[in-house]
Structures are given as structure tokens and as C-alpha cells.
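Chain by chain, the residues:
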Amino acid sequence: MYNCYFRSNAIYPRIVAYARGDVNGDRIPDNVYLTGTKTPDSPFIQNITLIIQDGMSGRVKGIPLSENAGYNPTLFLGDFTGDGVEDILVSINSGGSGGIMYHYIYSFANNTARLLFNFNVYNEEYNYDVTYKDNYKVEFISQKNNEKYIIDITYKGADYLSEIYDDNGKLKQPISGFVNPLSGLYPVDFDSNGVYELLAYQKIAGRYNADSLGYVLNTLKYENNRFVLNNQNVAIFGSQA
């Protein structure tokens, strides 16, 4: 049913990821698949679809994904809502230079598909300002929670700093950085209660994408039928002591 085969030069879907667990709450393990069509001589996969097969009845439910093409699609099953039923985390690597990932979380409790997390909604909701300041500092502001962080970029070295600062540490001209869309979403049970939180990674960049300044790490917790910001940190790169 899920094998890939060729007919008249057409490529048919095959299983590209598999997990097994109780996702509908009847205490009988279900089969969860990602299917997709592989590009010949390439790891690129298109038409990625979430497939759930009921462990008791064998009935199959297909859930299309809005962004359904990329690399290395994976599945993770775990309880994110606290209802005692495993939810489904789908992750797909976009393959872009920014390391951008596509992530979805679905609940299938009572055999009803419900989207709990959509990476596009997250990217629209979490906005940041990155502004270079005098004296080799970068100001990072998270608009979501109105938090400000100061990143010391002296570790970047004299060649880098001399391009944008004068000898007195004053900016030669205004510079703004940016934050990449979601590049990693990791399930972590921080309080060891059997319910997973989410650790979201986004890269902070300076003048261009390869000019990395660090990462903003947002911990998300499911409350009141949505994932909310529970904790936030900014991680910076170190230099040789």
C-alpha cells in the first residue's frame, strides 16, 4: 500500500518515516507514517503526507501538510497537551541555506485531527529587533514579551569590528540585523512530569545570514489550548580564552 514503484515514469508515494504509539487514546498502539515521493537521484522528497492507521480497526486517515516538500522528514510521538494521549510532531528540513525547518504538531485524540502547532503561525507571532549600538554592542529586543538583551560582539575580532566602527567605538553607519525563521523545534520534558514542552531555536544574524551573533531559545508550554512562551534565553558564541 505504501511501497514506491514506477509505472509509465510516474513515482508513487512510499513510507519515509514511521512511528508507533497510541495517538487516539484507546490504549491500542496506532501506526503513524509520513509518505512522500522521492526525487530520482536526490534526497529531496515531495508530497509529504501524514498517515495515521488505527491500531484496532485498521482504518487509515491522511492529513495533507501545507509545506510538504523537503529533506529528512521525521516523526516524534509524545504528550504535549497533558491529556495522556501521544501527539504527533512532524519535522521537515527545508534544505535552505538558513537551516529553516517546517514543524507541525497534531493531536489525533478520539480519531479527530487537530493542528496544535504550525511553524508559519509561530514565525508570524514571534518578532524581534536587532540593532547595532556603539561600543561593540548589539541590542536584541523580543517584541513578544518586550524583553531586551545586549550582545557584546568584541569577540568578533579587530577586522570585523573595524569595518563597522571607528577608532572610538562609534558606528560608522546604522546597522540592523535580523532573526531567521524557526530552525529547530525540540521536545523536552523540562519538569519530568510526562508532558513535553517545546524548545524553539532561531538564529540571530548581523549584516548577512552567515554573520551569526547567537540564537534565541524560546521554551513553549501548552496552556489554554495553545502553546505559550514559558521561558526565553539568548545564547551567544564564545571566543578562545
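Quick look at the structure, then. (Residues numbered from 1 in each chain as written. Predicted model: local features only at pLDDT ≥ 70, side-chain atom pairs only at ≥ 80, totals over all residues. Heavy atoms only, no water.)

1. Quick look at the overall build of the protein chain
A count of helices and strands for the protein chain gives two helices and 18 strands. Taken over the C-alpha atoms alone, the protein chain extends approximately 75 × 50 × 30 Å along its principal axes. Out of the 241 residues belonging to the protein chain, those deemed buried represent 42%. A sequence separation of at least 24 residues applies to 43% of the contacts in the protein chain between residues at least 6 apart. Of the roughly 12600 Å² of accessible surface on the protein chain, 45% is carried by carbon and sulfur atoms. Where the 19 positive side-chain charges of the protein chain centre and where its 26 negative ones centre are 4 Å apart. (Helix = DSSP H or I, 4+ residues; strand = E, 2+ residues; numbered from the N terminus. Buried < 20%, exposed > 50% of the residue type's maximum accessible area, 1.4 Å probe, protein only. Contact = heavy atoms within 4.5 Å. Areas by Shrake-Rupley, 256 points an atom, 1.4 Å probe, with all protein chains shown as cover. Lys, Arg positive; Asp, Glu negative; His and termini not counted. Charge placed at Lys NZ, Arg CZ, Asp CG, Glu CD.)

2. Considering the environment of Lys170
Mapping Lys170 onto the fold places it in the loop between helix 2 (158–164) and strand 14 (178–179). Once the C-alpha coordinates of Lys170 and Pro29 are considered, the two residues, 141 residues apart in sequence, prove to be 62 Å apart. Discounting residues that sit within four places of it in the chain, Lys170 has contacts with Asp134, Ile164 and Tyr165.

3. Considering the environment of Tyr215
With respect to the element layout, Tyr215 can be found in strand 17 (residues 212–223). Counting along the chain gives 18 residues from Tyr215 to Asn233, while the straight-line C-alpha distance between them is 8.4 Å. Once residues within four sequence positions are removed from consideration, Tyr215 is found in contact with Ser183, Tyr201, Gln202, Lys203, Ile204, Asn233, Val234, Ala235 and Phe237.

4. Here's the deal with the layout of surface pockets
Size it by volume and the largest pocket reaches roughly 170 Å³. Lining the largest pocket are Leu116, Phe117, Asn118, Val121, Tyr122, Glu125, Tyr126, Leu220, Asn225, Arg226 and Phe227. Secondary-structure elements contributing two or more residues to the lining of the largest pocket are strand 10 (114–118), helix 1 (119–125) and strand 18 (226–236). Each residue belonging to the lining of the largest pocket can be placed in one class, and the counts come to seven nonpolar, two polar and two charged. (1 Å grid on protein atoms, 1.4 Å probe; cavity = no way out; pocket = protein on both sides within 12 Å on 5 of 7 lines; lining within 4 Å. Points joined across faces, edges and corners; volume = space filled by probe spheres on them. Nonpolar A, V, L, I, M, F, W, Y, C, P; charged D, E, K, R; others polar.)

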